[in-house]
Amino acid sequence: MILAKVVGTVVASQKNDGIAGGKYLLVRTCDTRGREKGEYLVALDLVGSGRGEVVLISQGSSARQTEFTYQKAIDCVIVGIVDRIEENGQVVFRKEEGR
Amino acid sequence: MILARVVGTVVSTRKEEKIKGIKFLLLEKIDPVTLQGKGDYLVAMDCVGAGKGEIVFYVSGSSARMTAITEGKPSDAAIVAIVDAIEVDGKVVYQKDAVVTT
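Residue positions are given per chain, counted from 1 along the sequence in the order it is written. As they are written, the chains are lettered A onward and the ligands numbered 1 onward, keeping that order. For this predicted model, a pLDDT threshold of at least 70 governs which residues receive local features, and a threshold of 80 or more governs which side-chain atom pairs are given and counted, while totals over whole chains, interfaces and linings are taken from all residues. Side-chain descriptors were evaluated using all non-hydrogen atoms of the structure, hydrogens and water having been removed beforehand.

For chain B, an unreviewed UniProt entry supplies the name Ethanolamine utilization protein EutN and the organism Candidatus Caldatribacterium californiense. UniProt positions are given in the numbering used here, feature names are shortened, and annotations may be inferred rather than shown by experiment. Recorded under Subcellular location (unreviewed entry), the UniProt text for chain B is reproduced unchanged: "Bacterial microcompartment".

The name that an unreviewed UniProt entry assigns to chain A is Ethanolamine utilization protein EutN, with the source organism given as Candidatus Caldatribacterium californiense.

Set out below in structure tokens:
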């Protein structure tokens, strides 16, 4: 998985039938301190993430290993909202303060 | 999934048997904030009837074979949605068919 920050939403009414009904968020990869730094991805939100939250992204065929995405044309899902990141014994990100 | 703009079409008459009858669109990846093309192109199979100039998002890898059109086909990129709007940090940065007032 990779770390990413939720930065926005993507609305698409005309979709391939298999992937209708999902909530698609715009995320940007971030560093361990939750600072945005990389590419943007459209991720299906399965856990009710909000803007500004740091989340865990799963990509590729693994993105289909959930109830909603099973055998669907999806390759990027949010599988968790990050509360805290500890790196080398130090807490480098905490959900409330990290926003 | 990754955001891109439909910038053209790709026609191939001599091709793998299985992918006959499928529309190939030329996509350019875009920066969702500036909507500028990133000069990074790919060819994707159209599964939603996307038109030129439209912003879409596509799936790649094995997920690209999870549509009725691309199932069992040698496809690793499939357009699965036509984007109506993109909101970033609370601001709508893209609205389909919005009249662009310069």
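From this point, the discussion proceeds with the structure in view.
Generally speaking, a soluble globular protein has its nonpolar side chains buried in company with each other. For our purposes a nonpolar core is just a set of buried Ala, Val, Leu, Ile, Met, Phe, Trp, Tyr and Cys residues, chained together by side-chain atoms within 4.5 Å. Three labels apply to residues, based on accessible area from a 1.4 Å probe with only protein chains included: buried if under 20% of the type maximum, exposed if over 50%, partly exposed otherwise in between. Judged by nonpolar contacts, the single largest core of 54 residues is most densely connected at Tyr24(A), Leu26(A), Leu3(B), Leu27(B), Phe57(B), Ile79(B) and Ile86(B). What counts as a helix is a DSSP run of H or I of at least four residues, what counts as a strand is a run of E of at least two, and both are numbered from the N terminus. Per element, the largest residue contribution to this core is six residues, and it comes from strand β5 (residues 77-82) of chain B. Note on definitions: a residue-residue contact is assigned when non-hydrogen atoms from the two residues lie within 4.5 Å. Leave out the neighbours within four places in its chain, and Leu27(B) touches Ala4(B), Arg5(B), Val6(B), Val7(B), Asp40(B), Tyr41(B), Leu42(B), Ala44(B), Val56(B), Tyr58(B) and Ile79(B). Among the nonpolar cores identified, the runner-up in size contains six residues, and Cys30(A), Val54(A), Val82(A) and Val92(A) belong to it.

This next bit is on the confidence of the model for chain A. Summing up the model confidence of chain A, the mean pLDDT is 94 and the portion of residues at 70 or higher is 97%. Of all helices and strands in chain A, the one with the weakest mean pLDDT is helix α1 (residues 95-98) of chain A (70), whereas strand β1 (residues 2-11) of chain A scores best (98). As a per-residue quantity, pLDDT reports the predictor's confidence and falls between 0 and 100.

Residues Ala85(B) and Glu87(B) of strand β6 (residues 85-88) of chain B are buried on one face, and the alternating residues Ile86(B) and Val88(B), pointing to the opposite face, are buried as well. DSSP-based pairing: two strands are paired if at least 2 bridges between them are found. Across four bridges, the pairing between β1(A) and β6(B) is antiparallel. Bridge pairing in β6(B) places Val10(A) opposite Ile86(B). Bridging between β6(B) and strand β7 (residues 91-95) of chain B involves four bridges; their strand directions are antiparallel. The residue bridging Glu87(B) from the neighbouring strand is Val92(B), located in β7(B). Between β6(B) and the antiparallel strand that follows it, β7(B), lie two residues; Asp89(B) among them carries a positive phi value of about 50°.

Further remarks concern the pairing of strand β2 (residues 24-30) of chain B. Residues and elements named next belong to chain B. Within β2, six of the seven residues are buried, which leaves it mostly tucked inside the rest of the structure. Taken together, the six bridges between strand β1 (residues 2-10) and β2 define a ladder with antiparallel strand orientation. Pairing of Gly8 across the sheet is with Leu26, part of β2. Where β2 lies against strand β3 (residues 37-46), six bridges are found, and the strand directions are antiparallel. If you follow Glu28 over to β3, its bridge partner there is Tyr41. Between β2 and β3, which follow one another and run antiparallel, lie six residues, and Leu35 among them has a positive phi close to 60°.

This paragraph deals with unusual backbone geometry. Its identity as a non-glycine residue notwithstanding, Gln71(A) has a phi of 55°, on the positive side. Within the element layout of this structure, Gln71(A) appears in the loop between β5 (54-59) and β6 (76-81). What makes Gln71(A) exposed here is its relative accessible area of 52%. Look at Asp89(B): it is not a glycine, yet its phi comes out positive at around 50°. The residue Asp89(B) is located in the loop between β6 and β7 in this model.

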